[in-house]
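# Results of the structural survey
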Amino acid sequence: MLPLGILSLLFLYGMMGETARGDNSKCLSCHGNENLTKKDARGNKISLFVSEEGLKKSIHGENACTDCHTRIPDESHAKTGIKDADRKVDCGACHEESEKLFKTSVHSLKAEIACKECHGTHSIKPLSDPKSATFQTNLLQTCGECHSEESKQFAESVHGVGLTRGRPNHPTCTTCHGTHGIRPRSDPESAVHERKIAITTCPQCHAAERITREYRFTTKPVKSYYDSFHGLSYRGGDTFSANCASCHGVHDIRSSSDPKSMIHKDRLQKTCGVCHPKASVNFSKGKIHTLADIRGVDFGEKAVGWVRIVYIILIVAVIGGLSFFNFTDWLRKTIERRPKD
Amino acid sequence: MAKKYLRMTLNERIQHLNLAINFTILVITGFALKYPEAFWASPITDVPLGMTFRGFLHRLSGVATITLGGYHLLYLAFTERGRRIVIDMIPMWKDAKDLWETLKNNLFINQPAKVIKMGRFNFREKLEYLGLIWGTIVMTVTGFILWFKEEWLLFFPMWTFDVSRAIHFYEAILATLTIIVWHLYSVVWNPDVYPMSWAWISGNLTEHEMALEHGLELERLREEEKRKLVNFDEGSTAGGGRVYHVHPRGGEKFSIKNFYGTVKSLNESIKDWKGR
């Protein structure tokens with residue numbers, strides 16, 4: 001029974017391949033010509049050339065032209081060459097999920113942007129292909145076409161430098177902003193909404209054990225932030241309280257050793273001063289992300305660690321002693337009150 | 001009706017109520033910061049600007065508590081009763097012995113249980129009062145460091161701020177648990193007073209309550225009363241110093257009822273008069 005099932009599946013798969021693999025020779029007989037152009041309403045020359053090689057190498061190389069350009073197949077187009085309102089390809093016919101997400105995005109709602117603006121047209125490559133417009137390092141270019149300032153800032157940031165060196169898992173635009181469903185920062189559902197920055201956006205990597213081990217940094221900043229006043233108040237819903245981006249910046253996050261960094265020791269006083277106008281030089285001395293630990297590196301960590309231990313002993317001893325005393329007191333008074341027969 | 005002894009004057013009861021309210025606000029608004037995801041913190045964290053209001057309320061209550069502390073110091077220094085409280089509150093060797101004997105009673109080591117006579121403030125109350133003073137000082141100092149961090153960090157390094165934060169938190173736990181375990185036992189769960197000691201509302205303790213908790217003080221008060229009776233200058237005013245109005249409702253027209261009342265009270269005064 002099993003081999004028969006596999007066989008029938010293989011047969012079906014073969015059928016699908018057969019139907020998907022369209023014959024594009026008819027279309028390419030005209031559009032394969034590099035000189036094929038048309039004039040748009042403003043009189044600009046627009047190339048109608050489709051590279052056969054590019055199409056063949058794209059992820060859609062097996063598709064027929066008519067799979068996407070669904071309104072073409074009437075014979076009049078081929079005969080007269082008259083355009084047939086086929087410019088808007090409905091990607092959502094196959095990519096339903098992406099289409100649905102994209103419809104909610106700021107790109108769809110506020111801007112006249114379609115799939116092709118990011119993904120390209122005939123030579124769409126899979127995400128993992130280094131030549132793809134949506135490959136992680138190419139996104140700086142792709143998104144930068146519109147968001148040039150942000151893209152430039154990001155390229156110089158600690159994230160961007162690592163990214164352009166080709167390290168896998170390095171953050172790119174989509175790591176924080178998401179892909180199809182990008183929303184404006186002010187939208188509470190946005191991946192970079194201020195309520196999400198310190199809960200998911202940064203911690204998705206900076207609190208991830210695997211990534212922190214691979215790139216040899218610690219989860220300490222996230223943990224200590226959550227236990228600091230800023231983090232605690234933020235967790236309680238305070239939007240005036242500092243989150244990661246308040247001190248570290250947004251696109252131009254740099255290492256603390258970089259003199260241009262917002263958290264470089266020479267600039268820290270100024271950074272703190274945004275919210276604490278009277279910030280003194282002591283704000284920039286000593287560590288910020290500290291966890292109470294008697295074996296800690298920082299003196300403050302050790303001091304707080306000892307305070308913690310002393311107080312825990314004190315609390316256990318005092319409260320334990322008082323509870324014990326009161327329990328015996330209650331016991332005696334209760335026994336004395338027992339009904340006598 | 002059983003005889004009652006004044007435990008807290010109205011002034012002291014208002015001080016106590018003030019402290020109770022402010023302490024509760026401080027505990028709730030303080031721990032809502034440390035445990036923002038706790039279910040009981042949701043009234044603060046779920047509303048817009050809740051955390052901002054929480055911070056404001058915490059500081060406000062802190063200032064109120066410190067002001068109350070200042071007032072209490074003045075009360076202790078500048079009133080007769082206040083100075084008496086200070087003297088009675090000094091921990092003595094007897095308090096340690098009382099504690100020890102109470103513990104032995106409780107563990108049934110003393111057979112039969114010893115009757116322990118304690119003063120105006122017994123060891124439970126002295127311990128709590130001194131703890132309260134200690135806690136208020138610690139919380140005030142560390143609280144002001146956290147509040148005025150910019151000014152503090154002008155002179156002191158960052159780690160002192162972190163230490164203050166830690167102390168403020170752990171001292172808060174200690175104080176809250178002490179109130180729940182020690183104070184609420186004394187005035188609520190203690191079988192002698194359960195369901196509640198009414199002294200914080202009525203200001204009085206009954207003779208029975210006095211005998212249980214403050215035997216020595218009760219004896220002292222009785223002595224004092226006796227002394228007063230002995231020293232009573234009976235010739236001075238008829239009726240023990242009380243003023244009897246001959247016309248209880250002055251300005252009213254003469255009536256048989258009024259006249260009867262006047263005669264009756266006069267009669268009673270004469271009857272009660274002990275004569276020289």
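Residues numbered from 1 in each chain as written. Chains lettered and ligands numbered in written order. Predicted model: local features only at pLDDT ≥ 70, side-chain atom pairs only at ≥ 80, totals over all residues.

### Some remarks on the overall build of chain B
Per the secondary structure count, chain B includes twelve helices and two strands. Ordered by position from the N terminus, the helices and strands of chain B form the series β-α-α-α-α-α-α-α-α-α-β-α-α-α. In chain B, which comprises 276 residues, the proportion classed as buried is 21%. A separation threshold of at least 6 residues defines the contact pool for chain B, and within that pool the share at least 24 residues apart is 66%. (Helix = DSSP H or I, 4+ residues; strand = E, 2+ residues; numbered from the N terminus. Buried ≥ 20, exposed ≤ 12 C-beta atoms within 10 Å, placed from the backbone. Contact = placed C-beta atoms within 7 Å.)

### So, the overall build of chain A
Helix and strand counts for chain A stand at 20 helices and two strands. Taken across its 341 residues, chain A has 22% of its residues classed as buried. Taking as baseline every contact in chain A between residues at least 6 positions apart, the subset at least 24 positions apart corresponds to 40%.

### Examining the interface of chain A and chain B
Each partner contributes residues to the interface: chain A has 40 residues there, and chain B has 36 residues. Sorting the residues of the side of chain A that touches chain B by element identifies α17 (229-235) and α20 (299-336) of chain A as the ones contributing at least two each. Element by element, the count of residues in the side of chain A that touches chain B is highest for α20(A), at 22 residues. Its residues placed into classes, the side of chain A that touches chain B shows 18 nonpolar, 13 polar and nine charged. (Nonpolar A, V, L, I, M, F, W, Y, C, P; charged D, E, K, R; others polar.)

### Structural notes on the domain arrangement of chain B
Each assigned domain of chain B is listed here: domain 1 (4-229) and domain 2 (236-272). Between domain 1 of chain B and domain 2 of chain B, the C-alpha centre-to-centre distance is 48 Å. (Domains from an automatic or database assignment.)

### So, helix α3 (residues 50-78) of chain B
Look at α3(B): 41 Å from first C-alpha to last across 29 residues, which is about the 42 Å you get at 1.5 Å a residue. Along α3(B), the positions that sit buried rather than exposed are B:Met51, B:Arg54, B:Gly55, B:His58, B:Ser61, B:Gly62 and B:Thr65. The elements touched by buried residues of α3(B) are α17 of chain A together with α1 (10-34), α2 (42-45) and α6 (123-147) of chain B. (Expected span 1.5 Å × (residues − 1).)

### Describing the nonpolar core
Counting 15 residues, the largest nonpolar core has A:Phe283, A:Val304, A:Val307, B:Val163 and B:Ala166 as the members making the most contacts within it. Where this core is concerned, the elements lending two or more residues are α19 (268-273) and α20 of chain A together with α8 (158-189) of chain B. Broken down by element, this core gets its largest block of residues, six residues, from α8(B). A:Ala198, A:Val222, A:Tyr225 and A:Cys244 belong to the second largest nonpolar core, which has seven residues in total. (Core = buried A, V, L, I, M, F, W, Y, C linked by C-beta atoms within 7 Å.)

### Brief notes about the confidence of the model for chain A
Taken over all residues, the pLDDT of chain A has a mean of 85, while the share at 70 or more is 88%. Contacts of residues 14-21 of chain A to residues separated by more than four positions or lying in other chains number three contacts, the stretch itself having pLDDT below 50. (pLDDT = per-residue confidence, 0-100.)

### Quick look at unusual backbone geometry
For residues that are not glycine, phi is negative in most cases, and the peptide bond is trans in most cases. Residue and element names in this part refer to chain B. A cis amide bond, omega -5°, links Gln111 with the succeeding residue Pro112. Along the chain, Pro112 turns up in the loop between α5 (93-106) and α6. At the junction of Tyr194 and Pro195, the peptide bond is cis and its omega measures out at 5° in the coordinates. By the secondary structure assignment, Pro195 is in the loop between α8 and α9 (199-202). Notably, Leu49 is not glycine yet its phi reads approximately 65°, a positive angle. When the 12 C-beta atoms within 10 Å are taken as the criterion, Leu49 is described as exposed. One non-glycine residue with positive phi stands out, namely Phe108, at about 60°. Looking at the element boundaries, Phe108 is found in the loop between α5 and α6. The exposure class of Phe108 is partly exposed, given the 13 C-beta atoms found within 10 Å.

### Description of the environment of A:Arg254
Relative to the helices and strands, A:Arg254 is located in the loop between α18 (244-248) and α19. With 20 C-beta atoms packed within 10 Å, A:Arg254 lands in the buried category.

### A closer look at the packing of α6(B) against α8(B)
All names here are of chain B. At a minimum axis distance of 9 Å, the contact between α6 and α8 shows a crossing angle of 155°. Classified by the interaxial angle, the pair formed by α6 and α8 is roughly antiparallel. Along this stretch, α6 crosses α8, giving a crossing that reads as left-handed. Residues Arg124, Glu128, Gly131, Gly135, Val138, Met139, Thr142, Gly143, Ile145 and Leu146 of α6 lie in contact with α8, whose contacting residues are Phe161, Ser164, Arg165, Ile167, His168, Glu171, Ala175, Thr178, Trp182, His183 and Ser186. Here the contact of α6 with α8 is built from residues that sort into eight nonpolar, nine polar and four charged. (Axes fitted to C-alpha atoms, helices over the stretch in contact; angles between N-to-C directions. Parallel < 35°, antiparallel > 145°, perpendicular 65-115°, else oblique. Left-handed = near helix turned anticlockwise from the far one by under 90°.)

### Considerations on the packing of α3(B) against α6(B)
A pair of packed helices can be characterised by two numbers: the angle between their axes and the separation between those axes. All names here are of chain B. Where α3 meets α6, the axes come as close as 11 Å, and the angle between the chain directions of the two elements is 140°. Relative to α6, the element α3 is oriented oblique. Crossing geometry of α3 relative to α6 is assigned as left-handed. Together, Arg59, Gly62, Thr65, Ile66 and Gly69 of α3 and Thr136, Thr140, Gly143 and Trp147 of α6 make up the contact between the two elements.

### Considerations on the environment of A:Ile113
All names here are of chain A. Along the chain, the position of Ile113 falls in the loop between α7 (106-109) and α8 (115-119). Taking the number of C-beta atoms within 10 Å as the measure of exposure, Ile113 has 15 and is therefore partly exposed. The residues contacting Ile113, other than those within four sequence positions of it, are His107 and Ser108.

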